[in-house]
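Now for the letters of each chain:
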Amino acid sequence: MNNTLSERQFVLATDLDGTFLGGSSADRQALYDWIEAHRASVGLVFVSGRDPAFIHQLCGSGDVPWPEYVIGDVGTTIANVTADRTIVPIADLEAQIAERWQNSGDTVKSTLENAPGLTLQPTEFRYRVSYDYDPDQFDPATTKKVEAMGFDVLISDNRFFDVLPQGVSKGPSLLRLLDHLNIPQAQVLAAGDTLNDLSMLVAGTPAVAVGGSEPPLLRALSDAAHIYRADGIGTAGIFEAIAHFDLHPTPERV
């Protein structure tokens, strides 16, 4: 399907773990099959903490639909998926991210070396540094130290600690991609389940916190009409929200 996302009736911008990969196997398959059957009118964007290598392996397995675009690494990667299934960063959209990061990975790692409650993740990222997080051992002064360096801290799922360029996260990167592609926000559903999804759920598009979302995310969300709290877990919650906002006919409505 070669029409652009701006020409699709509906675009799903979804987190992966716990959201697009969440729910029963039957619910996941139902959503994936529905997307593939409606590619002429449905676009797909992954907005994930995962990196492009993981997404390539995930979709390459054939079990999960390929997206047209990827916002990865908690918003620090903004990429196009080419016809040959290569995930290629969009240089114009990443330039601001790189400028804010200033190749600071080594400096961050040095500063946080031996910080209590943080274990450096082995994967190298371009514009972020990520740690496994132990809340029982963590010293809150570490957050202030990172912010004093000019970076943002994002703690999610009570087990991940990300150091990010200031002002960069899933929500701002999603809005920049939508603007770049001339996609009206009203035809996009943002879906997530943890605190690292908060910025995209409050960005202004129709949004859903799927069933099973972590309590801190639910507490942080307002009761605004464009934010829906689903009962269905993972993919079932996405279907529920598509119907709630009447974004596209779903199997239950046709």
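Heads up: the structure comes first, above all this text.
Per chain, residue numbering runs from 1 following the sequence as it is written. A pLDDT threshold of at least 70 governs which residues receive local features in this predicted model, and a stricter bar of 80 or more applies before side-chain atom pairs are shown or counted, although totals over entire chains, interfaces and linings include all residues. Note: side-chain values were computed over all heavy atoms of the structure, leaving out hydrogens and water.

Draft legend 1. Quick look at the sheet that holds strand β2 (residues 42–47). An order of β5-β4-β3-β2-β1-β10-β11-β12 is seen for the 8 strands of this open sheet, with the pairing classed as mixed. Of all the strands in the sheet, the pair left with one neighbour each is β5 (87–89) and β12 (227–233). Within this sheet the neighbouring strands show an average axis-to-axis angle of 25°, counted without direction. By the convention used here, residues are in contact when the closest approach between their heavy atoms is within 4.5 Å. The convention used is that axes are lines fitted to C-alpha atoms, helices contributing only their stretch in contact, and that angles between N-to-C directions extend from 0 to 180 degrees. Helix and strand assignments follow DSSP, with helices taken as H or I runs no shorter than four residues and strands as E runs no shorter than two, numbered in order from the N terminus. On the sheet, helix α3 (residues 52–60) packs against β2, β3 (69–72), β4 (77–81) and β5 and is oriented at approximately 155° with respect to β5. Each of β1 (10–14), β2, β3, β4 and β10 (188–192) touches helix α7 (residues 170–181); the most contacted strand, β3, lies at about 155° to it. The criterion for strand pairing is that DSSP finds at least two bridges linking the strands in question.

Draft legend 2. Layout of the pattern of salt bridges. Salt bridges, as used here, are contacts in which a Lys or Arg side-chain nitrogen is within 4 Å of a carboxyl oxygen on Asp or Glu. Within this structure, the stated rule accounts for 12 salt bridges. The shortest N-O distance in the salt bridge between D157 and R159 comes to 2.6 Å. Put simply, R229 and D223 hold a salt bridge, and the shortest N to O gap is 3.6 Å. Between buried and exposed lies partly exposed: a residue is buried under 20% and exposed over 50% of the maximum accessible area for its type, with that area taken using a 1.4 Å probe on protein chains only. Here D223 falls in the exposed class, since its relative accessible area comes to 74%. The network of salt bridges with shared partners includes R8, E36, R39 and E68.

Draft legend 3. The nonpolar core, seen in detail. Nonpolar cores are built from buried Ala, Val, Leu, Ile, Met, Phe, Trp, Tyr and Cys residues. Side-chain atoms within 4.5 Å join them into one set. V45, L112, F161, V163 and L177 are the most contacted members of the largest nonpolar core, which has 40 residues in total. The leading source of residues in this core is α7, at 4 residues. The contacts of L177, once residues within four sequence positions are left out, are V45, Y69, I71, I78, I90 and L93. One finds L31, Y32, V208 and V210 within the second-largest nonpolar core, a separate group that totals 32 residues.

Draft legend 4. Molecular detail of the pairing of β12. Of the strand pairs in this sheet, strand β11 (residues 207–211) and β12 are connected by 4 bridges, and their pairing is parallel. Counterpart to V208 in the pairing with β12 is Y228. Chirality of the crossover, the property in question, places the unit of β11, helix α9 (residues 215–220) and β12 among those that are right-handed. Viewed with both strands pointing away, a crossover whose connecting path from the first strand over the helix to the second turns clockwise is right-handed.

Draft legend 5. Expanded view of the packing of aromatic side chains. Paired rings are identified among Phe, Tyr and Trp, the last through its six-membered ring, by centres lying within 6.5 Å, and are further divided according to the angle between planes into stacked (under 30 degrees), edge-to-face (over 60) and tilted (the rest). Tallied over the full model, the rule gives 10 aromatic pairs. Seen in terms of ring centroids, F20 and F46 are 5.3 Å apart; in terms of plane orientation they differ by 55°. Their pairing is tilted. Highlighted residues: F20 in helix α1 (residues 16–20) and F46 in strand β2, separated in sequence by 26 residues. The two residues F20 and F46 agree in class, both being buried. Between Y133 and F161, the ring centres sit 6.5 Å apart and the planes meet at 25°, which makes this aromatic pair stacked. Taken together, the positions of Y133 in strand β7 (residues 129–133) and F161 in strand β9 (residues 160–165) put the pair 28 residues apart, joining distant regions of the chain. An aromatic cluster of three or more residues is present, and its members are Y131, Y133, F138 and F161. Should the NZ of a Lys or the CZ of an Arg lie within 6 Å of a ring centre and within 35 degrees of the ring normal, that charge is described as sitting over the ring. Between R50 and the ring centre of F54, over which it is positioned, the NZ or CZ distance is 3.9 Å. For the cation-ring pair, R128 lies above F125, with the distance from its terminal atom to the ring centre recorded as 3.8 Å.

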